[in-house]
Amino acid sequence: MRIVLFGAPGAGKGTQAKLLVEEFGLFHLSTGDVLRQAIEDRTELGLQAQGFMNRGDLVPDSLVIAIVENAILGLESQKGFILDGFPRTLNQAHELDGFLAQQKRNLSCVISLEVAEEELVKRIAMRGNEAQLRRADDNVETVRSRFKAFETQTLPLKHYYAQKKILCEVDGIGSVSVIYKAVRMAATGQTIC
Ligand code: AMP
């Protein structure tokens, strides 16, 4: 399984990725998590990413592409993976394809969690109220920019992956376990995408 989990901010990518990892022992790479850790550790990467993330803008492609390529390079070829929050631009998607092709790997599917915008706003607001889940970028202004970045820069990727016939849309509204059933079907190739 070499999966991309795709969806707007708050669509539940992290939650579903965790469940797939628990069941199938995949390697999970969230570029957002790597960047947040880099900021906490005050590394060069963190310093370069911080301003973009605080504004809710995308971090430059070159930085995130390097994170993903280094992580995949270190993986044994048999090991499956989930990319969560990457790719987010067409350029990132092209780079990923080229890189995987060099490694004689490819993506098995792109699972898109479909959630209406009103629901996303509610979920992020809830996350912002729960100390445990709260993220620095879950405030109103930043969330607005993150949605905008999603719509303008990331949404076109659906068309790209649909053309490659590896896009699988899953209804992302409902209980976590019901959504996971559909995600699991897509991940195991039981859904015709
Ligand atoms: P996430 O945790 O996936 O919502 O990502 C949080 C923030 O990290 C985003 O708003 C971006 O600023 C940055 N980020 C994460 N992944 C990427 C990516 N693939 N491309 C550009 N920026 C990213």
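Preceding this section is the structure that the text describes.
Residues numbered from 1 in each chain as written. Predicted model: local features only at pLDDT ≥ 70, side-chain atom pairs only at ≥ 80, totals over all residues. Heavy atoms only, no water.

**A word on the site of the ligand**
1) Next: Neighbouring the ligand are 16 residues; T31, R36, D57, G85 and Q92 lie closest to it.
2) Next: Between the ligand and R36 there is a distance of 2.9 Å, counted from an oxygen atom to a side-chain nitrogen or oxygen.
3) Next: A distance of 2.9 Å is found between a nitrogen atom of the ligand and a backbone nitrogen or oxygen belonging to G85.
4) Next: Coverage of the ligand by the protein chains reaches 97% of its 490 Å² of free accessible surface.
5) Next: Ranked by residues supplied to the shell around the ligand, first place goes to helix α2 (residues 31-40) with 4 residues. (Near = heavy atom within 4 Å. Polar contact = N/O pair within 3.5 Å; in protein donor to acceptor, adjacent residues only side chain to side chain. Areas by Shrake-Rupley, 256 points an atom, 1.4 Å probe, with all protein chains shown as cover. Helix = DSSP H or I, 4+ residues; strand = E, 2+ residues; numbered from the N terminus.)

**Observations regarding the nonpolar core**
As a rule of thumb, nonpolar side chains are buried together in soluble globular proteins.
1) Next: Counting residues in each nonpolar core, the largest one holds 53 residues, and the members touching the most others are L96, L107, I111 and Y161.
2) Next: Looking at this core element by element, the count peaks at 7 residues for helix α4 (residues 61-73).
3) Next: Apart from residues no more than four positions distant in its own chain, I111 is found in contact with I3, V4, L5, F6, C168, V170, V183, A186 and A187. (Core = buried A, V, L, I, M, F, W, Y, C linked by side-chain atoms within 4.5 Å. Buried < 20%, exposed > 50% of the residue type's maximum accessible area, 1.4 Å probe, protein only. Contact = heavy atoms within 4.5 Å.)

**Overview of α2**
1) Next: Among the residues of α2, T31, G32, L35 and A38 are the ones counted as buried. For α2, the angular spread of the buried residues around the axis is 125 degrees, confining them to a single face.
2) Next: Contacts made by the buried residues of α2 are with β2 (27-30), α3 (44-55), α4 and β3 (81-84).
3) Next: Phi turns positive one or two residues past the end of α2, at R42, with a value near 50 degrees. (Arc of directions from axis to C-beta.)

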